[in-house]
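Observations on the three-dimensional arrangement
For reference, the chains in residue letters:
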Amino acid sequence: ASTGICVTGGAGYIGSHACYALGVEGRPPLVVDNLVTGHRAAVRWGPLAHIDLRDTTQLTHALWQHKTRTVLHFAASAYVGDSMQDPISYYDNNVCGMISLLQACLAAGVRHFILSSSCATYGIPQTIPITETTSQRPISPYGQSKLICENILRDAAGQAGMDFAILRYFNAAGADPSGALCEEHSPETHLIPRALAATCPQGEPLALFGTDYDTADGTCVRDYIHVSDLVRGHLMALAHLEKFGGSLVLNLGSGRGVSNMQIIQVVEEVTGAEVKVRKAPRRQGDPPSLIADINQAREILGFEPNHSDIHTIIADAARSFGLLKVQNAKSA
Ligand code: NAD
């Protein structure tokens with residue numbers, strides 16, 4: 001029988017973790033994914049509809065057949081750098097995908113909608129930590145496309161009386177502690193998997209962009225949230241919408257900053273291997289520090305990022321790649 005839940009982008013990194021968590025709760029979702037960056041093998045907790053979001057007819061049919069009442073929308077193009085090179089394809093996939101999905105949702109009678117948004121919508125913030133009311137001035141087409149999606153959702157859901165949550169993630173990282181899933185982006189641009197890869201003999205050295213920032217050790221500071229905490233935040237937001245209706249706009253992060261240098265140190269501690277590093281100039285548009293204020297999520301949902309200390313995140317990521325110290329020792 002249908003659980004009435006659909007996860008777009010459920011073959012991707014965060015979406016597959018959400019499907020796993022829903023499966024554990026006995027609510028396996030329908031996955032809508034075109035597998036452009038996702039993996040067929042990661043779809044294990046519910047059926048796959050191999051559909052591009054922009055195909056409104058097929059999408060409406062799939063949502064209707066599945067009796068969908070709730071959509072968790074993860075599917076998007078999500079590389080800031082790529083979006084600078086090819087802005088039109090980012091607006092096409094993210095904005096046209098959002099419009100098509102909302103048209104299908106309204107036609108199929110969807111009641112609850114949760115959008116993956118991003119701290120990239122804030123651009124370079126004037127103050128740290130970043131609250132939900134910090135002004136949103138994105139500096140990349142990717143961030144811009146997410147802000148447009150937020151605005152379209154507010155207007156469309158408001159008009160149709162659909163309940164919605166906009167969740168602005170900071171840096172998602174780690175993997176489910178069971179080792180059932182891992183982070184698999186291609187190309188990989190995220191710091192933790194790249195630092196882990198740089199411990200392997202065949203791995204590329206890690207490019208460390210900028211060591212002269214006005215931060216404690218000169219490297220950029222970011223807020224990392226364990227993917228399992230992030231997913232739990234979604235389930236809490238969904239429970240809130242199901243109970244109270246209305247709308248939510250929340251940051252999801254750990255509320256703590258970790259520097260690039262600290263990431264390298266913890267990766268070395270956890271794996272027992274050296275991270276090969278290549279120092280590189282600053283990248284344009286990289287703010288020195290991005291840290292979330294998560295008090296709204298705490299107050300409204302009772303959310304706590306329990307697994308988001310950086311050792312736990314990196315140990316879980318290392319385990320999912322088979323790079324834990326104990327495993328290295330065994331194979332040595
Ligand atoms: P991902 O690339 O692993 O997953 C995205 C999934 O969407 C893939 O499975 C891909 O095949 C699918 N997809 C893309 N375009 C599609 C389309 N037109 N039709 C159907 N399926 C399509 O990315 P992720 O890291 O899991 O990110 C998930 C979401 O979270 C994205 O919306 C991203 O912008 C957002 N986000 C991620 C982070 C992060 O740290 N990873 C931070 C902030 C926001």
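Residues numbered from 1 in each chain as written. Predicted model: local features only at pLDDT ≥ 70, side-chain atom pairs only at ≥ 80, totals over all residues. Heavy atoms only, no water.

1. A word on the nonpolar core
The nonpolar side chains of a soluble globular protein tend to be buried, and buried together. If you look at the biggest cluster of nonpolar residues, it comprises 36 residues, and the most contacted ones within it are Ile 14, Ile 114 and Leu 167. Secondary structure elements with two or more residues in this core: β1 (5–8), α1 (13–24), β6 (163–169), α7 (227–244), β11 (247–252) and α9 (295–301). Contact partners of Ile 114, with chain neighbours within four places excluded, come to Val 71, Leu 72, His 73, Ala 165, Leu 167, His 234, Ala 237, Leu 238 and Leu 241. Grouped together as the second largest cluster of nonpolar side chains are 26 residues, Leu 53, Val 71, Cys 105 and Ala 156 included. (Core = buried A, V, L, I, M, F, W, Y, C linked by side-chain atoms within 4.5 Å. Buried < 20%, exposed > 50% of the residue type's maximum accessible area, 1.4 Å probe, protein only. Helix = DSSP H or I, 4+ residues; strand = E, 2+ residues; numbered from the N terminus. Contact = heavy atoms within 4.5 Å.)

2. A word on the confidence of the model for the protein chain
The predicted structure's coordinates, where accompanied by low pLDDT, should not be read in detail. Overall, the prediction assigns the protein chain a mean pLDDT of 94, with 97% of residues at 70 or greater. Long-range and interchain partners of residues 327–332, a stretch whose pLDDT sits below 50, account for three contacts in this model, where long-range means more than four residues apart. (pLDDT = per-residue confidence, 0-100.)

3. Concerning the environment of Thr 68
With respect to the helices, strands and loops of the structure, Thr 68 is situated in the loop between α2 (56–65) and β4 (70–73). A sequence separation of 38 residues divides Thr 68 from Leu 30, and the C-alpha atoms of the two residues are 8.6 Å apart. Here Thr 68 is in contact with Gly 4, Ile 5, Cys 6, Leu 63, Ala 108, Gly 109 and Val 110, once residues within four sequence places are set aside. Within the structure, the side chain of Thr 68 is placed 2.9 Å from the backbone oxygen of Leu 63, a separation counted as a polar contact. (Polar contact = N/O pair within 3.5 Å; in protein donor to acceptor, adjacent residues only side chain to side chain.)

4. With respect to the pairing of β6
On a regular strand, one side chain projects to one face of the sheet and the next to the other, so that they alternate. By the criterion of burial, β6 is predominantly enclosed, with seven of the seven residues buried. Because side chains alternate across β6, one face comprises the buried residues Asp 163, Ala 165, Leu 167 and Tyr 169, and the other comprises Phe 164, Ile 166 and Arg 168, equally buried. Note that strand β5 (residues 112–118) and β6 share seven bridges and pair parallel. Considered in β6, the bridge of Leu 115 is made with Ile 166. For the crossover that starts at β5, traverses helix α5 (residues 141–160) and ends in the parallel β6, the hand is right-handed. (Pairing = 2+ DSSP bridges. Right-handed = clockwise from strand over helix to strand, strands pointing away.)

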